[in-house]
Amino acid sequence: MTKNEVRSLLIKTLAAKRRRDPAELEAELRVAGEECPCDSQWLVKAGVGAAKALGIEFKPRPTDAWAFKSIDTLATYVHNRLGEAEAA
């Protein structure tokens, strides 16, 4: 799975959790850039949900806080974790 596919899954998961349209949320995220328009707790929930859908264990730690600043940093983090899980 590519990083862009992980990003799309995260957006769909976040949209479902926030009861939003994924396309509208995607547009809002593109405009916001590095500034995520939602609280990081929503990104944690989306990350956990997406990881579960991908079949990987995902328990965020305080040292992982950097990953929950934007949808792009979270996509990188989940993509890396997926690669680690596949390699194990």
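Quick look at the structure, then. Every value quoted in this text rests on a predicted model; they were computed, and no experiment measured them.

**With respect to the packing of helix H1 (residues 3–18) against helix H2 (residues 22–32)**
Their axes nearest at 9 Å, the elements H1 and H2 cross at an angle of 115 degrees. Classed by the angle they form, the pair H1 and H2 counts as roughly perpendicular. In the crossing of H1 with H2, the sense of the turn from one axis to the other is right-handed. Contacts from Arg 7, Ile 11, Leu 14 and Ala 15 in H1 reach Pro 22, Leu 25, Glu 26, Leu 29 and Arg 30 in H2. In terms of residue class, the contact of H1 with H2 is made up of 6 nonpolar, no polar and 3 charged.

**A short note on the packing of aromatic side chains**
Following the criterion strictly, the structure yields 4 aromatic pairs and no others. Judged by centre distance (6.4 Å) and plane angle (70 degrees), the rings of Phe 58 and Phe 68 are edge-to-face. Pair noted here: Phe 58 is in the loop between helix H3 (40–54) and helix H4 (71–87) and Phe 68 is in the loop between H3 and H4, with a separation of 10 residues, a long-range link. Relative to Tyr 77, the ring of Phe 58 lies with its centre 5.6 Å away and its plane at 70 degrees, an arrangement referred to as edge-to-face. Here Phe 58 is found in the loop between H3 and H4, whereas its partner Tyr 77 is found in helix H4, with 19 residues between them in sequence. The exposure class assigned to Phe 58 is buried, which follows from its relative accessible area of 8%. Joined through ring pairs, the aromatic side chains of Phe 58, Trp 66, Phe 68 and Tyr 77 make up one cluster. Here the guanidinium or amino end of Arg 18 rests over the ring plane of Trp 42, the centre of that ring lying 5.3 Å away. In this structure, Lys 45 packs its charged tip against the face of Trp 42, placed 4.7 Å from the ring centre.

**Re the environment of Ala 23**
The topology assignment puts Ala 23 in helix H2. A relative accessible area of 53% places Ala 23 in the exposed class. Considering only alpha carbons, one finds Ala 23 and Ile 11, 12 residues apart in sequence, at a separation of 8.8 Å.

**Details of the nonpolar core**
Within the largest apolar cluster, 23 residues are counted, with the highest numbers of intra-cluster contacts made by Leu 10 and Leu 43. Every element with two or more residues in this core is listed here: H1, H2, H3 and H4. Among the elements that make up this core, the one with the highest residue count is H4 (6 residues).

**Let's talk about H1**
Between its first and last C-alpha, H1 extends 22 Å over 16 residues, near the 22 Å set by a 1.5 Å rise per residue. Looking at the buried positions of H1, the neighbouring elements they touch are H2, H3 and H4. Two residues or fewer after H1 comes Arg 19, characterised by a positive phi angle close to 55 degrees.

So, how was this worked out
- Residues numbered from 1 in each chain as written.
- Predicted model: local features only at pLDDT ≥ 70, side-chain atom pairs only at ≥ 80, totals over all residues.
- Heavy atoms only, no water.
- Axes fitted to C-alpha atoms, helices over the stretch in contact; angles between N-to-C directions.
- Helix = DSSP H or I, 4+ residues; strand = E, 2+ residues; numbered from the N terminus.
- Parallel < 35°, antiparallel > 145°, perpendicular 65-115°, else oblique.
- Left-handed = near helix turned anticlockwise from the far one by under 90°.
- Contact = heavy atoms within 4.5 Å.
- Nonpolar A, V, L, I, M, F, W, Y, C, P; charged D, E, K, R; others polar.
- Phe/Tyr/Trp six-rings, centres within 6.5 Å; stacked < 30°, edge-to-face > 60°.
- Buried < 20%, exposed > 50% of the residue type's maximum accessible area, 1.4 Å probe, protein only.
- Lys NZ or Arg CZ within 6 Å of the ring centre and 35° of its normal.
- Core = buried A, V, L, I, M, F, W, Y, C linked by side-chain atoms within 4.5 Å.
- Expected span 1.5 Å × (residues − 1).

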